[in-house]
There are 2 protein chains.
Amino acid sequence: MGKTVTIVRNVMEANERRAVKLKEYFDKEKILCLNLMSSPGAGKTSLLERTLADLKGEFKMAVIEGDLQTDNDARRVAATGAQAVQVNTEGGCHLDGSMIEDAVAELDMQGLDILFIENVGNLVCPAEFNLGEDHKVSILSVTEGDDKPEKYPLMFHLSSVMLLNKTDLLPYVDFSLEVASAHAKKLNKDIEIFPVACRKGDGLDAWYDWLRKARAAKR
Amino acid sequence: MGKTVTIVRNVMEANERRAVKLKEYFDKEKILCLNLMSSPGAGKTSLLERTLADLKGEFKMAVIEGDLQTDNDARRVAATGAQAVQVNTEGGCHLDGSMIEDAVAELDMQGLDILFIENVGNLVCPAEFNLGEDHKVSILSVTEGDDKPEKYPLMFHLSSVMLLNKTDLLPYVDFSLEVASAHAKKLNKDIEIFPVACRKGDGLDAWYDWLRKARAAKR
């Protein structure tokens, strides 16, 4: 298996070189780039729909949508008026730097304030591939169980923010915000945690304030 | 990238050879082997807890638990009295044949009727690695959205059964059993679909009947 391991490492290193170049580009253009990651159906697209609609007067925003198949999500976020480009991985389990390079070439980057990358729904593989982002942002929905940070540690270890979504369903599931938060803080003491309900719009102000601060830090 | 593609194919081929041997072994021993797959938190472990408890008088069952980290799930299913062995992938996004070989060596396989393999929570990568199972079984929880079969097609294309879990939460989410079922049937016209609520025990009789039939087919 030695040969395999070498090749895998080369793929990771090639990706890392692309990520460094993308980061330099985003820094030069003063664009805040965020890499959104979660399980399938945790609410990445719903969070984007709310955020793009609520902050459209404040920031110029664009979205790169990653999915195995379909352009459903790009159509959903484009309905808010934001620029969106769909990347289909054709079965691939994560986005990589070359896909972001191609997507950036499709977008009008002029004067952009924030670029959101919605990764493939997967709590494992996307965490291993940097995309030149300023921050990784994880979404965990309360219907998934409060043990998920402990069971999928890399994702939460690397994220600057964990949104705990679907808090409107808390009365109907066994989920402790305290337990999930404690697990995440153990992996990453600086992680910022925001309980939200994207479907109803609850709790989003704290997320928007974090976005404003992160955006200001890029100027 | 030609070299990388070749190596990846070799890894898949080596796994396929192991899977064929495992299948031959399970056939010889007349053990029904099922590979359970879903997103993180869709309810694989809850389904196993119910199934192991409800059918313990009828079948001798064992479980191979796949997780990146922790042995929480093996402890949960072992509490029902069933044999359980935990496989930690140490960050790996799926189980492969060599992990199943090692786990089988740890288990008492004598007179076993059903071996459940609970794969890593991931709707993408586990579908690509056969483990010698008789059937792949997918679980989709209604909180994940009814678009998931369309967006993650391989998993549902290859599964003999799709359990639609957490139906007790249907009143609180936007999910159509009909839409999810239609998408899954389009990918796989023979897929059997069972709406269930593992937390409450609803709808499990149809799943148990399917298990009895699949078990009988191995004798």
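Everything discussed here concerns the structure shown above.
Now for a quick tour of the structure. Within every chain, residues take consecutive numbers counted from 1 along the sequence as written. Labels are handed out in written order, letters beginning with A for the chains and numbers beginning with 1 for the ligands. The predicted nature of this model means local features are confined to residues of pLDDT at least 70 and side-chain atom pairs, given and counted, to a pLDDT of 80 or more, with totals for whole chains, interfaces and linings taken over all residues. Computation of side-chain values: all heavy atoms of the structure, hydrogens and water removed.

**A word on the overall build of chain A**
- The number of helices and strands found in chain A is 8 helices and 7 strands.
- Put simply, chain A has 219 residues, and 58% of those count as buried.
- Only the protein chains shown count as cover for residues, and the accessible areas themselves come from Shrake-Rupley with a 1.4 Å probe. Summing over all exposed atoms, chain A offers an accessible surface of approximately 8900 Å²; the carbon and sulfur share of this is 50%.
- Chain A carries 28 positive and 35 negative side-chain charges, and their two centres are separated by 3 Å. Numbering goes from the N terminus for both helices and strands, where a helix is a DSSP run of H or I of at least four residues and a strand is a run of E of at least two. When a residue's accessible area, from a 1.4 Å probe over protein chains only, is under 20% of the maximum for its type it is buried; when over 50% it is exposed; and in between it is partly exposed. Charge counting follows a simple rule: Lys and Arg are positive, Asp and Glu are negative, and His as well as the terminal groups are ignored. A charge is said to be at NZ when it belongs to Lys, at CZ for Arg, at CG for Asp and at CD for Glu.

**Notes on the packing of aromatic side chains**
Residues and elements named next belong to chain B.
- Note on aromatic pairs: the rings of Phe, Tyr and Trp (six-membered ring only in Trp) are paired at centre separations within 6.5 Å, and the planes decide the class, stacked below 30 degrees, edge-to-face beyond 60, tilted for the rest. Applying the stated criterion across every chain yields a total of 5 aromatic pairs over all chains.
- With a centroid separation of 5.7 Å and 55° between ring planes, the pair formed by Tyr-25 and Phe-26 is classed as tilted.
- With relative accessibility at 25%, the residue Tyr-25 sits in the partly exposed group.
- Overall, the relative accessible area of 0% leaves Phe-26 in the buried class.
- Seen from their ring centres, Trp-207 and Trp-210 are 5.8 Å apart, and the 10° between their planes marks the pair as stacked. In this pair, Trp-207 and Trp-210 are both assigned in helix α8 (residues 204-216), 3 residues apart and thus about one turn of the helix distant.

**Focus on helix α8 (residues 204-216) of chain A**
Residues and elements named next belong to chain A.
- Under the 1.5 Å per step criterion, the end-to-end length of α8 is 18 Å for 13 residues, consistent within 8% with the ideal 18 Å.
- Leu-204, Trp-207, Tyr-208, Trp-210, Leu-211, Ala-214 and Arg-215 are the residues of α8 that are buried. Within α8, the buried residues cover an arc of 160° as seen down the axis, which keeps them to one side. Residues of α8 that are exposed and point over 90 degrees away from its buried face: Asp-205 and Lys-213.
- By definition in these notes, contact holds between two residues if any of their heavy atoms fall within 4.5 Å. Packing partners of the buried residues in α8 comprise β1 (32-38), α2 (44-54), β4 (114-118), β5 (135-141), β6 (161-165) and β7 (192-195). Expected helix span is taken as 1.5 Å per residue step, with the number of steps being one fewer than the number of residues. The arc in question is formed by the directions pointing from the helix axis toward the C-beta atoms.

**Some points on the pattern of salt bridges**
- Salt-bridge detection follows one rule: a side-chain nitrogen of Lys or Arg within 4 Å of a carboxyl oxygen of Asp or Glu. Within the structure shown, the criterion is met by 37 salt bridges over all chains.
- Between Glu-49 of chain A and Arg-76 of chain A there is a salt bridge, with its nearest N and O atoms 3.0 Å apart. Taken together, the residues Glu-49 of chain A in helix α2 and Arg-76 of chain A in helix α3 (residues 72-78) connect sequence positions 27 residues apart.
- Note on Arg-76 of chain A: relative accessible area 30%, which makes it partly exposed.
- Linking Lys-218 of chain B and Asp-27 of chain B is a salt bridge whose minimum nitrogen-to-oxygen distance equals 2.4 Å. Taken as a pair, Lys-218 of chain B in the segment after α8 and Asp-27 of chain B in helix α1 (residues 2-28) lie far apart in primary sequence, 191 residues in all.
- Overall, the relative accessible area of 11% leaves Lys-218 of chain B in the buried class.
- One salt-bridge network, held together by shared partners, links Glu-49, Asp-67, Asp-73 and Arg-76 of chain A together with Lys-151 of chain B.

**Description of the packing of helix α2 (residues 44-54) of chain B against α8 of chain B**
Residue and element names in this part refer to chain B.
- Only the contacting stretch of a helix is used when fitting its axis, a line to C-alpha atoms as for every element, and angles between N-to-C directions run 0 to 180 degrees. At a closest axis distance of 12 Å, the pairing of α2 and α8 adopts a crossing angle of 70°. Taken together, the axis directions place α2 and α8 in an arrangement best described as roughly perpendicular. As α2 packs across α8, the resulting crossing turns out to be right-handed. Here Leu-47, Arg-50, Thr-51 and Asp-54 of α2 lie close against α8, whose contacting residues are Leu-204, Trp-207, Tyr-208 and Leu-211.
- Broken down by class, the residue content of the contact of α2 with α8 amounts to 5 nonpolar, 1 polar and 2 charged. Just so you know how the angles are binned, under 35 degrees is roughly parallel, over 145 roughly antiparallel, 65 to 115 roughly perpendicular, and the rest oblique. Each helix crossing is assigned a hand: it is left-handed if the near helix lies turned anticlockwise from the far helix by less than a right angle, otherwise right-handed if that turn is clockwise. Under the grouping applied here, Gly and all other residues not named as nonpolar or charged are polar, the nonpolar ones being Ala, Val, Leu, Ile, Met, Phe, Trp, Tyr, Cys and Pro and the charged ones Asp, Glu, Lys and Arg.

**Focus: the pairing of strand β3 (residues 83-88) of chain B**
Residue and element names in this part refer to chain B.
- At least two bridges found by DSSP between two strands are what make those strands a pair. Inspection of the sheet shows strand β2 (residues 61-67) paired to β3 by 6 bridges, in the parallel sense. Residue Glu-65 lies in a different strand from β3, and its bridge partner there is Gln-86.
- Where the polypeptide runs from β2 across helix α3 (residues 72-78) and back to β3, its parallel neighbour, the crossover connection is right-handed. Every crossover in which the path from the first strand over the helix to the second runs clockwise, viewed with the strands pointing away from the viewer, is termed right-handed.

**Comments concerning the pairing of strand β2 (residues 61-67) of chain A**
- With 7 of 7 residues buried, β2 of chain A lies mostly within the body of the structure.
- Side chains Met-61, Val-63, Glu-65 and Asp-67 of chain A of β2 of chain A all project onto a buried face; the interleaved residues Ala-62, Ile-64 and Gly-66 of chain A project onto the opposite face, where all are buried too.

**A closer look at the sheet that holds strand β4 (residues 114-118) of chain B**
Residue and element names in this part refer to chain B.
- If you walk across this open sheet you meet the 7 strands as β3-β2-β4-β1-β5-β6-β7, and the pairing is parallel. What marks the edges here is a single partner per strand, and that holds for β3 and β7 (192-195). On average, each strand axis in the sheet is tilted by 20° relative to the strand beside it, whichever way the strands run.
- With 5 bridges connecting them, strand β1 (residues 32-38) and strand β5 (residues 135-141) associate as parallel partners. Looking at the pairing, Ser-38 lines up with Ile-139 of β5.
- Relative to the sheet, helix α7 (residues 177-187) contacts β6 (161-165) and β7, its axis offset from that of β6 by approximately 160°.

Honestly, it's all geometry; don't read function into it.
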